[in-house]
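Spelled out from the first residue to the last, the chains are:
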Amino acid sequence: DQQVKQNSPSLSVQEGRISILNCDYTNSMFDYFLWYKKYPAEGPTFLISISSIKDKNEDGRFTVFLNKSAKHLSLHIVPSQPGDSAVYFCAASSFKAGNNRKLIWGLGTSLAVNP
Amino acid sequence: KAGVTQTPRYLIKTRGQQVTLSCSPISGHRSVSWYQQTPGQGLQFLFEYFSETQRNKGNFPGRFSGRQFSNSRSEMNVSTLELGDSALYLCASSLGQGNNEQFFGPGTRLTVL
């Protein structure tokens, strides 16, 4: 049972345009969400996170939006660059779990930014 | 500061064999988590070690085990390998136990023939 779902396995965007990657979750206990980026032959690298007390967090070209009522978050990349081409993973956890908290991962969305 | 290192990077084994993978966390990080990544299942959590103790465990059979040393380096062992164990095994380190911001190594690609 996939608690974190990334329903689009792939996405193709033109350079300079906006990339929107979506993530849905089912566990209402989740209160912390992260996005990671992964290039081939490398481990995932942390990109941006958001706590459930916020509905938006911005870092340069990357913005994450959280809609708690819909149990949905999205990552916006503006403007998209060819170097952004990678697999993007959404992950979630619950601070209420204390030291037993662990990250639950989506299956990833492969983003291709075309020059 | 050096990143997370994993050895070996690639490994080929046959069914029934066992394998040991190694992970050295970022200096000062005391938590090490292990993940299995396969195309259809994404990143599946194996276990987390903190201060040489397993603190958290995923839903994997007992053939998968690990340990952590006093210098925070960790090893993961898989015994009686099966074809389905072929995957990328990722190690991630973080400052504290259950710390959500994890730093990943490049992974060990295991192929079981």
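Just so it is clear, the structure is predicted and the values come from calculations on it, not from any experiment. (Residues numbered from 1 in each chain as written. Chains lettered and ligands numbered in written order. Predicted model: local features only at pLDDT ≥ 70, side-chain atom pairs only at ≥ 80, totals over all residues. Heavy atoms only, no water.)

(A) Layout of the overall build of chain A. Each helix and strand counted, chain A has zero helices and eleven strands in total. Each helix and strand of chain A, placed in order from N terminus to C terminus, yields the pattern β-β-β-β-β-β-β-β-β-β-β. The 115 residues of chain A split such that 43% are buried. Sequence-distant contacts in chain A: of pairs separated by 6 or more residues, those separated by 24 or more amount to 54%. (Helix = DSSP H or I, 4+ residues; strand = E, 2+ residues; numbered from the N terminus. Buried < 20%, exposed > 50% of the residue type's maximum accessible area, 1.4 Å probe, protein only. Contact = heavy atoms within 4.5 Å.)

(B) Just the sheet that holds strand S8 (residues 74-78) of chain B, in detail. All names here are of chain B. Across the sheet, four strands lie side by side as S1-S3-S8-S7; this open sheet has antiparallel pairing. Each edge of the open sheet is held by one strand with a lone partner, namely strand S1 (5-7) and strand S7 (64-68). Shown here is a sheet whose adjacent strand axes are inclined to one another by a mean of 20°, direction ignored. Alignment of strand S3 (residues 19-24) against S8, held across five bridges, turns out to be antiparallel. (Pairing = 2+ DSSP bridges. Axes fitted to C-alpha atoms, helices over the stretch in contact; angles between N-to-C directions.)

(C) Examining unusual backbone geometry more closely. Backbone torsion omega between Val78 of chain A and Pro79 of chain A reads -10°, so that peptide bond is classified as cis. With respect to the helices, strands and loops of the structure, Pro79 of chain A is situated in the loop between strand S8 (72-77) and strand S9 (86-93). Going from Thr7 of chain B to Pro8 of chain B, the amide bond is cis rather than trans, its omega being -10°. Assignment of secondary structure puts Pro8 of chain B in the loop between S1 and strand S2 (10-13). Of note, the phi angle at Ser51 of chain B is positive, near 50°, even though the residue is not glycine. Structurally, Ser51 of chain B is set in the loop between strand S5 (42-50) and strand S6 (53-57). For Thr80 of chain B, which is not glycine, the phi torsion reads 45° and is therefore positive. By the element assignment, Thr80 of chain B lies in the loop between S8 and strand S9 (87-94).

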